[in-house]
Every structure is written in C-alpha cells, then in structure tokens.
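# Structural features, examined
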Amino acid sequence: MKPLAVVPGILWLAALLALFFYTLCEKRRERQLLSALRRSESYARLRRKIDYLAAHYEIDQLRIEPRGVTVTSVMPAHTLLSFDFKQNGNSKRACDASRLYMLLLYSDFPLFAARDIYKISRYRIYRSNGKKEYGFSFTMRRGHKERLLRERMLSRARTLY
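Residues numbered from 1 in each chain as written. Predicted model: local features only at pLDDT ≥ 70, side-chain atom pairs only at ≥ 80, totals over all residues. Heavy atoms only, no water.

### Focus on the overall build of the chain
Stated formally: Working definition: helices are DSSP H or I runs of at least four residues, strands are E runs of at least two. Numbering for both runs from the N terminus. For every residue, the accessible area (1.4 Å probe, protein chains only) is compared with the maximum for its type, and the residue is labelled buried under 20%, exposed over 50%, or partly exposed between those bounds. Two residues form a contact once any of their heavy atoms are found within 4.5 Å. The Shrake-Rupley method, run with a 1.4 Å probe sphere, supplies the accessible areas, and residue values consider only the shown protein chains as cover.
Within the chain, the secondary structure is distributed over 5 helices and 5 strands. What you see in the chain, going N to C, is helices and strands ordered as α-α-β-β-β-α-α-β-β-α. By the burial criterion, 30% of the 161 residues in the chain qualify as buried. If you take every contact in the chain between residues at least 6 apart in sequence, the share linking residues at least 24 apart comes to 51%. For the chain, the accessible area works out to roughly 11,400 Å², and carbon and sulfur atoms hold 58% of it.

### What about the environment of R127?
Within the element layout of this structure, R127 appears in the loop between β4 (118-126) and β5 (132-140). Once residues lying within four places of it in the same chain are set aside, the contact partners of R127 are E65, R67 and E133.

### Overview of helix α2 (residues 41-56)
Defined as follows: Helix span is expected to be 1.5 Å times the residue number reduced by one. By definition, the arc is the one covered by directions from the helix axis to the C-beta atoms.
Across its 16 residues, α2 extends 23 Å between first and last C-alpha, which sits within 8% of the 22 Å expected from 1.5 Å per residue. Taken together, the buried positions of α2 are occupied by S42, Y43, L46, I50 and L53. Buried residues of α2, viewed axially, fall in a sector of 95 degrees; they line one side. The exposed set on the far side of α2, more than 90 degrees from its buried face, consists of R48, A55 and H56. Where α2 is buried, its residues contact α1 (3-39), β1 (59-65), β2 (68-73), β3 (79-84), α3 (97-108) and α4 (110-113).

### Remarks on the packing of α1 against α3
Packed helix pairs are characterised by how far apart their axes lie and by the angle those axes make with each other. Note the threshold: Axis definition: a line fitted to C-alpha atoms, limited for helices to the stretch in contact. Angles are taken between N-to-C directions and run from 0 to 180 degrees. Note on angle classes: values under 35 degrees are labelled roughly parallel, values over 145 roughly antiparallel, values of 65 to 115 roughly perpendicular, and the remainder oblique.
The N-to-C vectors of α1 and α3 enclose an angle of 75 degrees; their axes lie 10 Å apart at closest approach. One way to sum up the angle between α1 and α3 is to call them roughly perpendicular. Each of E30, L33, L34, L37 and R38 in α1 lies in contact with α3, whose residues at this interface are R99, L100, Y101, L103, L104, S107 and D108.

### Some thoughts on the packing of α2 against α3
Here is the rule we go by: By convention the crossing between two helices is left-handed if the near helix lies anticlockwise of the far one by an angle smaller than a right angle, and right-handed if it lies clockwise.
Viewed as axis vectors pointing N to C, α2 and α3 meet at an angle of 45 degrees, and their least axial separation amounts to 12 Å. Between α2 and α3, the crossing angle belongs to the class labelled oblique. Where α2 crosses over α3, the two elements pack in a sense that is right-handed. Residues S42, Y43, L46, R47 and I50 of α2 lie in contact with α3, whose contacting residues are Y101, L104, L105 and D108.

### A few points about the pattern of salt bridges
The following threshold applies: Definition used for salt bridges: Asp or Glu carboxyl oxygen within 4 Å of a side-chain nitrogen of Lys or Arg.
All chains considered together, the criterion is met by 9 salt bridges. Note that E41 and R48 form a salt bridge whose closest N and O atoms lie 3.6 Å from each other. D108 serves as the salt-bridge partner of R47, at 3.6 Å between the closest nitrogen and oxygen. Residue R47 is found in helix α2, and its partner D108 is found in helix α3; the two are separated by 61 residues along the sequence. Judged by relative accessible area, R47 falls into the partly exposed class, the value being 35%. Here the salt bridges do not stand alone but share partners, grouping R38, R47 and D108 into one network.

### Regarding the nonpolar core
Selection criterion: By convention a nonpolar core is built from buried Ala, Val, Leu, Ile, Met, Phe, Trp, Tyr and Cys residues, the set being connected through side-chain atoms within 4.5 Å.
Ranked by size, the top nonpolar core spans 30 residues in total, and within it I50, L62 and V69 carry the most contacts. When contributions to this core are tallied by element, the ones reaching two or more residues are α1, α2, β1, β2, β3, α3 and β5. Looking at this core, the element that brings in the most residues is α3, giving 5 residues. Beyond its immediate sequence surroundings of up to four residues, V69 is in contact with L46, I50, L62, R63, I64, L81, S82, F83 and F85.

As structure tokens, this is what we get:
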C-alpha cells in the first residue's frame, strides 16, 4: 500500500466524521429550539387560532415570515388571521424563527402535512434596508381548491331548487 494514497483517505474519513458529528449537534440543537418554542405562550396562542380557523374555514394559504403569520381563506378570499410576532410578545426573534414555526405547524397540523392538499414553499423577502429574509408558505393545491369550490357551488345549487 502506498503511503501517499493513505493520507487523502484518512483526511476524507476525518472530514466525514467531523460533518457527521456536526449534523448530530445541529439536530440536537434544533430539537431543543423546537421544544422551547412549542412550550412558549406565543406559539400556544398561534396554534389555538390556527386550530379554530382550520376547523371552521378552508385555508387557502398560510404564510410564515420573520414578522408574523398570515392566513387567507379560499372562499371568500380574504385574510383570516394576521398574527404579528412583535405584537404577541416576541419582539426579539432568531433568524431561524420562521423555519422553526413552519416545522412546528407542519408537525402539529396533519392537514398542512398532506402533500395532495398543500404545497410547502420557501421564498425570499427583500426588505427596504437591503436585508434578505426567508419566508415559508403552505399553499393549497389548485386541484383541491377547485374541488372545494365545485362542491360549494353544487351545495348552493341544491339549496336554490
């Protein structure tokens, strides 16, 4: 065995182990952040509101941005909830707050986790000061939305006759 071939192999193995332990530490840190956020009063308030809206309305889109959460309905199309984090006791947010809220809502609401009903997307937000932030949205898929609207129109037609 050539000694020059062993050195890069050992370096690759060391880099692989370092990345493995780094991801383990990051996953543990993320679990701790998620559990702390789940216990917070702000998230409990948001969860109660979204739970009520999911039970009584068809949610078209749920947007999670670093400044807050916005929920819109399918029909009539209007804003059901505008939950501002600053107004609800969370003035200092971490840069990953919107991602953590998205993960919690995804795990706590099976409706948003249904891939045939909602699509999850990440988008960039450019602020006027040049700062780049990220937001997440759960958007109802077009096929499901059309099915809901068709059912609603059929039920209206039945009540007219």
